[in-house]
Amino acid sequence: MQRRFAELDLQRIRLQAGGGQDRIDKQHQQGKLTARERLGLLFDPESFVEFGLWATHRCPELGGKVFPADGVVTGKGEVGGRGVFAFAQDFTVGGGAVGDRHAQKIVECLWAALKLGTPVVGFNDSGGARIQEGVEALSGYGKIFYHNVLLSGVVPQISVICGPCAGGAVYSPALTDFVIMVDRTAHMFIAGPEVIRAATGEAISEEDLGGAQAQAATAGNVHFVARDEYEAVELVKALLSYLPQNNMEGPHDLPFEAPIVDDESLDWVIPEDPRQAYDVRDVISRLVDHAVFLEVQAQFAPNIVVGFARMGGLAIGLVANQPAVMAGVLDINAADKAARFIRTCNVFNIPVVTLMDVPGFLPGVAQEHGGIIRHGAKMLFTYASITVPKITVILRKAYGGAYLAMCSKDMGADSVLAWPTAEIAVMGPEAAVRVIHRREIDSASDPQALIQEKIEEYRRTHANPFRAAEAFYLDDVIRPSWTRRLVIERLNILRGKRDLRPQKKHGNIPL
């Protein structure tokens, strides 16, 4: 019996070694961790339970090749004491290529997470489909995609791209809630540089095509860029700290015992000149607990800022126009970014706080032909359809359709507050004056003087928060320094919110 136990121990050690020490050393030389090292960083010590260690391929074309764990490590453990399922593709075993059994292990991991209502984290590091398995490998990908969609909106799914992720493999991360990509060592693309060169004649490097910076800033496929895999795992943990275990639970709130103190520096953060820019992050850092803000997609569409924070210990999603970039105007990419984030908050029961300073939608032929109407409608649809608590604070500009797209009271906001600097109007004062008083301006002896006079008159009578407050489009006009206290007060009031909607499968969002 002792001999059998010894053989068992040796076999387990061999399987847990993946592709062997030489391949592990090569992985480290490339600046990458192994699959098991990644899981070791993610999970609390001694909490990980592995499933399917003994699984291997059933492909005759691979002959007698042994693929330990069939190139993917799957299991369940705890992250900060909370249950999490995870899988990590093992590049040291057959390049982490996906075959039938490999896919089956991932699918069983996803299915178990669905049944138990537990988040899933996937570490992607794979050469793609296992060519020798042909259609079975493609079938495996299809099953993974199908289960990604089943889990969507039920449990959080987080993907970490640690190495190559090409071809059909990119669609599994794209179907998850958040994608974290490691800079320099990871690449994502449908078709690589050689395929593109052959098909179109375009020459581009692998990094410029599918590196983390390109995917985050240009393509918008990646939510976070990590300097290395250690930072990537810390980002996973930070995300999980805000998210619930599943859609049937509330967000992960924390106790908050500190007194809520008004920050008078907020009273001076908006410049006197309404045309002058400021960084909305300066507002956010003063509003949220301990100035901690986890910004999502920071490099993509920076004219709008989205991310997670806490106010009075309560987890929230923040959406804010960024006057420091393109004056905070809404364009195609900003609308897509905001709508996706807001919908993510909704499915996981996280209240949304919106900070509005928006001069309108970006005009131009490229935007119109690119579908700004359709993309802008995504924001309108999203804000109107979500059922979590919605609180809007108008900081300064709130013009035209963009005022509605940033969640006015008419679009379902539960509470709308405005600072005295708020300007709520169909369009900006200068543009409005030129339309309303065009004939007077054309015949005036001093057109510029008349324009300035009419602009001031328009601001007094229209572009201010008091007219909107009188008509009950606002709940209150407040000093900026009161904002944190009043928003926390309203978040607590709205914790038991119920929003009854017509029975239907789902709305038909303009995609």
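Residues numbered from 1 in each chain as written. Predicted model: local features only at pLDDT ≥ 70, side-chain atom pairs only at ≥ 80, totals over all residues. Heavy atoms only, no water.

(A) Expanded view of the packing of helix α4 (residues 100-116) against helix α5 (residues 135-151). Two elements in contact, α4 and α5, have axes separated by 8 Å at closest approach and are oriented at 10°. With respect to α5, the element α4 is oriented roughly parallel. Seen from α4, the contacting residues are Asp100, Ala103, Ile106, Val107, Leu110, Trp111, Ala113 and Leu114; seen from α5, they are Glu136, Gly140, Lys143, Ile144, His147, Asn148, Leu150 and Leu151. For the contact of α4 with α5, the per-class residue count stands at 10 nonpolar, three polar and three charged. (Axes fitted to C-alpha atoms, helices over the stretch in contact; angles between N-to-C directions. Helix = DSSP H or I, 4+ residues; strand = E, 2+ residues; numbered from the N terminus. Parallel < 35°, antiparallel > 145°, perpendicular 65-115°, else oblique. Contact = heavy atoms within 4.5 Å. Nonpolar A, V, L, I, M, F, W, Y, C, P; charged D, E, K, R; others polar.)

(B) How the structure looks around the state of the cysteines. Summed over the entire model, instances satisfying the criterion amount to zero disulfides. Cys345 supplies the cysteine sulfur nearest to Cys407, a cysteine that is in no disulfide, at a spacing of 12 Å. (Disulfide = S-S within 2.5 Å.)

(C) Representation of the layout of surface pockets within the structure. In this structure, the second largest pocket occupies an estimated 360 Å³ of space. Surrounding the second largest pocket, 19 residues form its lining, Ile270, Pro271, Glu272, Pro420 and Thr421 being those nearest its centre. Each residue belonging to the lining of the second largest pocket can be placed in one class, and the counts come to 11 nonpolar, two polar and six charged. (1 Å grid on protein atoms, 1.4 Å probe; cavity = no way out; pocket = protein on both sides within 12 Å on 5 of 7 lines; lining within 4 Å. Points joined across faces, edges and corners; volume = space filled by probe spheres on them.)

(D) The arrangement of the pattern of salt bridges in detail. Within this structure, the stated rule accounts for 30 salt bridges. Between Asp100 and Arg58 there is a salt bridge, with the nearest N and O atoms lying 2.3 Å from each other. Taken together, the positions of Asp100 in helix α4 and Arg58 in the loop between β1 (49-51) and β2 (72-79) put the pair 42 residues apart, joining distant regions of the chain. The exposure class of Asp100 is buried, given its relative accessible area of 10%. Taking the relative accessible area as the measure of exposure, Arg58 reaches 49% and is therefore partly exposed. Taken together, the shared-partner salt bridges connect Lys32, Arg38, Asp125 and Glu229 into one network. (Salt bridge = Lys/Arg side-chain N within 4 Å of Asp/Glu carboxyl O. Buried < 20%, exposed > 50% of the residue type's maximum accessible area, 1.4 Å probe, protein only.)

(E) Structural context of the sheet that holds strand β3 (residues 82-89). On the basis of which strands lie adjacent, the open sheet formed by seven strands has the order β1-β2-β3-β4-β5-β7-β9 and mixed pairing. With partners counted over all chains shown, the strands left at the sheet margins are β1 and β9 (224-226), one partner each. Adjacent strand axes in the sheet meet at a mean angle of 20°, parallel and antiparallel pairs treated alike. With three bridges connecting them, β1 and β2 associate as antiparallel partners. Across the sheet, the residue bridging to Val49 is Lys76, located in β2. Sheet strands touched by helix α3 (residues 35-42): β1, β2, β3 and β4 (120-124). Its angle to β3, the strand with the most contacts, is close to 165°. (Pairing = 2+ DSSP bridges.)

(F) Expanded view of the packing of α3 against helix α10 (residues 229-242). At a minimum axis distance of 9 Å, the contact between α3 and α10 shows a crossing angle of 45°. Between α3 and α10, the interaxial angle falls into the category oblique. α3 and α10 meet at a crossing whose hand is right-handed. Between α3 and α10, the residues in contact are Arg38, Leu41 and Leu42 and Glu229, Tyr230, Val233, Val236 and Lys237, respectively. Classifying every residue of the contact of α3 with α10 by side-chain character gives five nonpolar, no polar and three charged. (Left-handed = near helix turned anticlockwise from the far one by under 90°.)

(G) Focus on the environment of Gln89. With respect to the helices and strands, the residue Gln89 is situated in strand β3. In the structure, Gln89 is positioned 17 residues away from Val72 in sequence and 4.2 Å away in space, judged by C-alpha atoms. With sequence-adjacent residues up to four places away left out, Gln89 is seen in contact with Ala35, Arg38, Gly71, Val72, Gly96, Val98, His102, Ile106, Phe123, Asn124, Asp125 and Ser126. Side-chain polar atoms of Gln89 contact the backbone nitrogen of Asp125, separated by 3.0 Å. (Polar contact = N/O pair within 3.5 Å; in protein donor to acceptor, adjacent residues only side chain to side chain.)

(H) View of empty space enclosed by the protein. Applying the stated criterion to the full structure yields three cavities of 30 Å³ or more. If you go around the largest cavity, the residues you meet are Phe87, Gln89, Val98, Ile106, Asn124, Ser126, Tyr141, Ile144, Pro164, Cys165, Ala169 and Ser172. Where the lining of the largest cavity is concerned, the elements lending two or more residues are β3, α5 and β6 (164-166). Residues of the lining of the largest cavity, tallied by class, amount to eight nonpolar, four polar and no charged. Estimates place the volume of the second largest cavity at around 60 Å³. Taken together, Phe87, Leu110, Val120, Val121, Gly122, Asn124, Asn148, Gln157, Ile158, Ser159, Ser172 and Thr176 form the lining of the second largest cavity. A per-element tally of the lining of the second largest cavity places β4 first, with four residues. Among the residues forming the lining of the second largest cavity, the class breakdown is five nonpolar, seven polar and no charged.

Shape is all these values report; function is a separate question.
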